[in-house]
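# Results of the structural survey
Take a look at the letters that make up each chain.
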Amino acid sequence: MKFDANFFYIVKNRVTAQVYSSFTNNFDSRAGDGGGDTNTLDMGSRSSLHTGLQMSEDEHWEMNYHEAAIYLEEGLNNEKFDSHPSSPEELPAYLRVHNPWYHGLDLLASLVLILLAFTEDPAVPAFELPVWAHGTIELLALSVIGIELHLKLKWIGWGTIFKHKRTMIKGVTLLIMLLEAVVVLCRQSSHFRVTRALRPIFLVDTRHCGGVRRFIRQILQSLPPILDMLGLLMFFVATYSLLGYYLFSEHIDNGHFRTLSDSFVSMFVLLTTANFPDVMMPSYAKSKWYAVFFILYIITVLYVLMNLMLAVVYETFTRIEREKCRALLLHRRGAARRAFRLLVSRRAPHAVKLRHFAGLIRHYAPHYSGLDVYLMFKQLNQSTTGGLSRTEFANVYEVFALRWAPQTSRAPWYADSPLEPLGRAAAVIVHRPYFEYVIYALIIGNGLAMVLRVLEAAGDLQDSARLLCASWDTWLFLTLFLIEAALRIMACGLSAYLESGWNVFDLSVTLLALMGAVLLTIAPKLFIVVMFRPLRLMRLYKLKKRYRDVFGTLVLLSPLMSSAGCVMLVMYYFFAIIGMELFAGYNLRNCCINTTVEDFYKYSENSSTPLGYYYLNNFENILTSGVTLFELTVVNNWFILMNAFASVAGQLSRLYFMVFYLFTMVVLTIVVASVLEAFRFRIQYKRSTTKRDEEKLLHEEVHTSWEEAQRLGATGDLAEQLRTYLPPGIDVTFIGTRPRTKEVLQRRMYQTEIQKWLAEEVENDELQPSTTVTSSEDPLSPPLIQQPDGDNHHIRSGYQL
């Protein structure tokens, strides 16, 4: 939501009781499409943002529009209503923090804090800074975040901070880091600062990381069943560890079970199969029957319990996903209900008129044109009464995603154009049934040509790369693919061509292959470009439905995978900082003498054993720590790293590596569950929805005319904007198109559940008693509905609707 700067300063001056005259003039120019009536009896519910301020009715309406827009923004961002500004004194701070520029500044400060790990001791050599430099930068970044937190507390109040756990955690972390930064600057040296691992808290709390917060919330909501399964898993690990100790501790050749702690560590590692069959072989050499112990253990914990954990998490994740859809739907309807109360008038207490709807949109989404506003109003007004009822207005979020175009614009782009003959010819060629088969034949021919080039003998790598990606057949196929793209663009137009993901993919990989051929011709040693030419073969996967389902699932999962990736990076950063603080000072070269991992760390200035490079897996800076943690995530030979640090840093260091494994297992299990849920959702959607149903879901039609717009109350600037698109005496049809997002598809898949949720909401509203009171402060204020204390959406004292 974009807030008018003039509006912000007007409110500020009103609060400080300064007299001004520009406010009325500013809104008089807008009275045609958003101002109020001259009759003060038409004034609807008073906004709490102008309590105690003397204003004209036009100004009151503008305040109502503004607060209603704030409600819709809170509904869109899933913000709690108890943090809603409830007085003129709170509004300036609210507007500053919700300014897009401040969102960007907050994100920048958070990223700077994250990146400081590259410059602080132990630093990446290329980015190392003196203590005073990175300490000063840290203080500046923390100050920006502190100002944002201070402004937020000015409107939510210190009394409500305990209800906002995220804000409370952020405030405590900020205070600790400020004190530590001051200590570092005073001492001019870094100390043991494990709290640096908490810096991602500030990044996750920014407006731009809402998806990351939702994913973390889903992880926390999925934790109870995960912890239950982990408890059962650890019980079996401990039980088998105890049994393994009594079975194998006397086997001198098997040092994995020498003590109870060794036995537990060995069985924990065996859970990941990283040390199998090494852990079994010494005992297996004594008796083949000992293999039964290890086989039963792996079957129990790996193939039964781990898969059962995935099933439990999947069921929980699916339920949470449905509950999240329900909560978001009801929260947005609650926001719409609050906005509705501010937009109705005394003359029409049960309907929002067009002029008030236009005033709302002017504050909520000022980039919308007058035509967009009018068509959204028409789309919502299914009852054709000329006003939006409470039920109709509750669907306001569904129309915000629509992009409108006249039905005549659906004609071919080349209609009445000098290029019409070429466009028609291209359309005839592209729509021929054999055109696609020709293209697939070209793609297969391109693949066969590449296979022949790979098999062809070449003198060296440069000649081989040139033959593969810069030979005459490369240029031939690239030319044919460019001709194909040109034909498709001529047939349907550039915008329609780019609406297809496969078209974008085809054009992108063709241009990349062309660029690679040019670069390889200029710089023969640039071997990395050889990967571009084979990418076009992926188009063949479109032929099989299963692959189409996979790619469709990837598209649906792209926002979730981005959030999951950010969560993994945050987790890596957290453990990397802790790892650097604990292990940065240890040198692993030639460590672990007389241990089972000695050979992996043998090092010599002249030569090293093939296994002796494991000393590079350390925590000397943030980059190498990230690589080390990724190797631990893969779990292949991860116990070698753990045993090495246990040898040089003590046995308790094993806890760090085990906890990291458990964290990654939890996150990756939830990622797998999300992939399964998305795939299941897409398959069910495809089975229950035809192409025609989907077309209706993604497109809306509105039939209107200039005369109807006048009857609905289009006057002033709004009427002037509509006159261009609505010629008098002619009915015009507009097509609204919404993007194909998972949220839109969920409304289709959860139709039955949504009706049930809405019926429950209506039933709850009817069961809740309410009392009607009249405001004694404001003669313009109509009777207000005061919700009882048991209302789910708590409104603080002093708040009026």
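What you see is a predicted model, and the numbers here were worked out from it, not measured in a lab. (Residues numbered from 1 in each chain as written. Predicted model: local features only at pLDDT ≥ 70, side-chain atom pairs only at ≥ 80, totals over all residues. Heavy atoms only, no water.)

### Some details on the overall build of the chain
A tally of helices and strands in the chain yields 31 helices and 5 strands. Across the 801 residues of the chain, 48% fall into the buried class. Counting only carbon and sulfur atoms, one obtains 63% of the accessible surface of the chain, whose full area is about 39700 Å². (Helix = DSSP H or I, 4+ residues; strand = E, 2+ residues; numbered from the N terminus. Buried < 20%, exposed > 50% of the residue type's maximum accessible area, 1.4 Å probe, protein only. Areas by Shrake-Rupley, 256 points an atom, 1.4 Å probe, with all protein chains shown as cover.)

### Quick notes on the packing of helix 13 (residues 354–364) against helix 14 (residues 370–380)
Interhelical geometry of helix 13 versus helix 14 gives an angle of 120° and a closest axis separation of 10 Å. Put simply, helix 13 runs oblique to helix 14. Crossing of helix 13 over helix 14 shows right-handed handedness. Contacts between helix 13 and helix 14 involve L354, F357, A358 and I361 on the former and, on the latter, V373, Y374, M376, F377 and L380. Grouping the amino acids of the contact of helix 13 with helix 14 by side-chain chemistry returns 9 nonpolar, no polar and no charged. (Axes fitted to C-alpha atoms, helices over the stretch in contact; angles between N-to-C directions. Parallel < 35°, antiparallel > 145°, perpendicular 65-115°, else oblique. Left-handed = near helix turned anticlockwise from the far one by under 90°. Contact = heavy atoms within 4.5 Å. Nonpolar A, V, L, I, M, F, W, Y, C, P; charged D, E, K, R; others polar.)

### As for the pattern of salt bridges
For side chains of opposite charge, pairing can occur when their charged atoms come near one another. The full count for this structure, using the stated rule, is 25 salt bridges. A salt bridge links R193 to E180; the shortest N-O distance between them is 3.3 Å. On the criterion of sequence distance, the pair formed by R193 in the loop between helix 7 (165–187) and helix 8 (200–204) and E180 in helix 7 is long-range, its members being 13 residues apart. Per residue, the accessibility class of R193 equals that of E180, and both read buried. Note that E323 and R326 form a salt bridge whose closest N and O atoms lie 3.2 Å from each other. With E323 and R326 both in helix 12 (residues 291–343), this residue pair falls 3 residues apart, about one helical turn. (Salt bridge = Lys/Arg side-chain N within 4 Å of Asp/Glu carboxyl O.)

### So, the sheet that holds strand 2 (residues 699–704)
Hydrogen bonds between backbone atoms are what pair the strands of a sheet, whose relative direction is either parallel or antiparallel. Judged by pairing direction, the sheet is antiparallel, and its 3 strands sit side by side in the order 1-3-2 without closing on themselves. The sheet is open, and its two edges are formed by strand 1 (403–406) and strand 2, each paired on a single side. Between one strand axis and the next, the sheet turns by 25° as a mean value, whatever way the strands run. On the sheet, helix 14 packs against strand 1, strand 2 and strand 3 (732–737) and is oriented at approximately 100° with respect to strand 2. Those strands touched by helix 27 (residues 691–698) are strand 2 and strand 3, and its axis lies near 55° from that of strand 2. (Pairing = 2+ DSSP bridges.)

### Remarks on the UniProt feature "transmembrane region" (unreviewed entry) in the chain
Mapped onto this structure's residue numbering, the UniProt feature "transmembrane region" (unreviewed entry) falls at residues 229–248, 260–277, 289–314, 475–498, 510–532, 553–575 and 655–679. The span residues 229–248 is 100% helix and 0% strand, and its two end C-alpha atoms sit 28 Å from each other. In residues 655–679, the share of helix is 100% and the share of strand is 0%. The end C-alpha atoms are 36 Å apart. (UniProt positions renumbered as here; feature names shortened; annotations may be inferred.)

### Here's the deal with the nonpolar core
One broad trend across soluble globular proteins is that nonpolar side chains are buried collectively. Grouped together as the largest cluster of nonpolar side chains are 84 residues, with contacts concentrated most on Y297, Y601, L629, W638 and F657. Elements with a contribution of two residues or more to this core: helix 8, helix 9 (210–248), helix 10 (260–271), helix 12, helix 23 (545–583), helix 24 (622–634), helix 25 (638–649) and helix 26 (654–688). A total of 14 residues in this core trace back to one element, the largest contributor, which is helix 23. Not counting residues up to four positions away in its chain, the partners in contact with L629 are Y572, F575, A576, F619, Y656 and F660. Counting residues in each nonpolar core, the second largest holds 49 residues, with A69, A339, I361 and L722 among its members. (Core = buried A, V, L, I, M, F, W, Y, C linked by side-chain atoms within 4.5 Å.)

### Details of the packing of aromatic side chains
Working definition: an aromatic ring pair is given by the centre-to-centre distance plus the angle between the planes. All told, the structure shown has 38 aromatic pairs when counted by the stated rule. Taken together, the aromatic side chains of Y572, F574, F575, F583, F619, F645, Y656, F657, F660 and F663 make up a single cluster linked through ring pairs. When the ring centre of Y284 is taken as origin, the NZ or CZ atom of K288, which lies over that ring, is 5.2 Å away. One residue, R332, lies across the ring of Y397, its end atom 5.3 Å from the ring centre. (Phe/Tyr/Trp six-rings, centres within 6.5 Å; stacked < 30°, edge-to-face > 60°. Lys NZ or Arg CZ within 6 Å of the ring centre and 35° of its normal.)

### Here's the deal with the environment of K152
In this structure, K152 sits in helix 6 (residues 131–156). Taking the relative accessible area as the measure of exposure, K152 reaches 14% and is therefore buried. Considered as a pair, K152 and V97 are 55 residues apart in the sequence and their alpha carbons are 7.0 Å apart. Apart from residues lying up to four places away in sequence, K152 is in contact with V97, R166 and T167.

### Examining helix 12
For helix 12, with 53 residues, the first-to-last C-alpha span of 75 Å sits near the 78 Å given by 1.5 Å per residue. Most pronounced at L305, the bend in helix 12 amounts to some 25°. (Expected span 1.5 Å × (residues − 1). Bend = angle between axes of the 7 residues up to and from the residue.)

### Some remarks on the pairing of strand 3
Within strand 3, 5 of the 6 residues are buried, which leaves the element mostly enclosed by the surrounding structure. Examined bridge by bridge, strand 1 and strand 3 share 4 bridges and lie antiparallel to one another. Among the inter-strand pairings, R403 is bridged to a residue of strand 3, identified as T737. Summarising the sheet, strand 2 and strand 3 pair through 6 bridges and their orientation is antiparallel. Directly across from T704, in strand 3, lies its bridge partner V732.

### Brief notes about unusual backbone geometry
Here the residue pair D121 and P122 is connected by a cis peptide bond, since its omega of 0° sits within 30 degrees of zero. With respect to the secondary-structure elements, P122 resides in the loop between helix 5 (100–115) and helix 6. Each neighbour pair has its own omega, and for F276 with P277 the value is 10°, a cis peptide bond. Locating P277 in the fold gives a position in the loop between helix 10 and helix 11 (281–286).

### Some details on the side chain of Q218
Relative to the elements of secondary structure, Q218 occurs in helix 9. Leaving out residues up to four positions away in the same chain, Q218 has contacts with F317, I320, E321, K324 and L560.

### What to know about the packing of helix 25 against helix 26
For the pair helix 25 and helix 26, interaxial distance at closest approach is 8 Å and the crossing angle is 155°. Relative to helix 26, the element helix 25 lies roughly antiparallel. Across from W638, L641, M642, N643, F645 and A646 in helix 25, the residues of helix 26 making contact are R654, F657 and M658. For the contact of helix 25 with helix 26, the class distribution of residues is 7 nonpolar, 1 polar and 1 charged.

### Structural notes on a nonpolar patch on the surface
A cluster of nonpolar side chains, contributed by L512, M515, L519, L526, I528 and M531, occupies part of the molecular surface with about 500 Å² of accessible area. Relative to the elements of secondary structure, L526 occurs in the loop between helix 22 (501–522) and helix 23. The partly exposed category is assigned to L526, whose relative accessible area is 34%. (Patch = residues over 30% accessible without salt bridge, like charges linked within 9 Å, V, L, I, M, F, W, Y side chains within 5 Å.)

### Thoughts on helix 20 (residues 472–492)
Over its 21 residues, helix 20 runs 31 Å from end to end, which matches the ideal 30 Å to within 8%, given 1.5 Å per residue. Considered for burial, the residues of helix 20 that qualify are D473, T474, F477, L478, F481, E484, A485, R488 and A491. One side of helix 20 holds all its buried residues, which, seen down the axis, span an arc of 150°. For helix 20, the elements touching its buried residues are helix 17 (420–430), helix 18 (435–455), helix 19 (461–469), helix 21 (494–498) and helix 22. (Arc of directions from axis to C-beta.)

### Remarks on the environment of G729
Residue position: G729 is located in the loop between helix 29 (716–723) and strand 3. The spacing of G729 and W706 is 23 residues in sequence and 7.0 Å in space, taken between C-alpha atoms.

### Section: the environment of N643
You can see N643 is positioned in helix 25. Of the residues examined, N643 reaches a relative accessible area of 17% and is grouped as buried. Sequence spacing of N643 and S653 is 10 residues, and the spatial spacing of their C-alpha atoms is 9.0 Å. Non-local contacts of N643, meaning those with residues more than four positions away in its chain, are made with V597 and R654. Only 2.6 Å separates the side chain of N643 from the side chain of R654, close enough to count as a polar contact. (Polar contact = N/O pair within 3.5 Å; in protein donor to acceptor, adjacent residues only side chain to side chain.)

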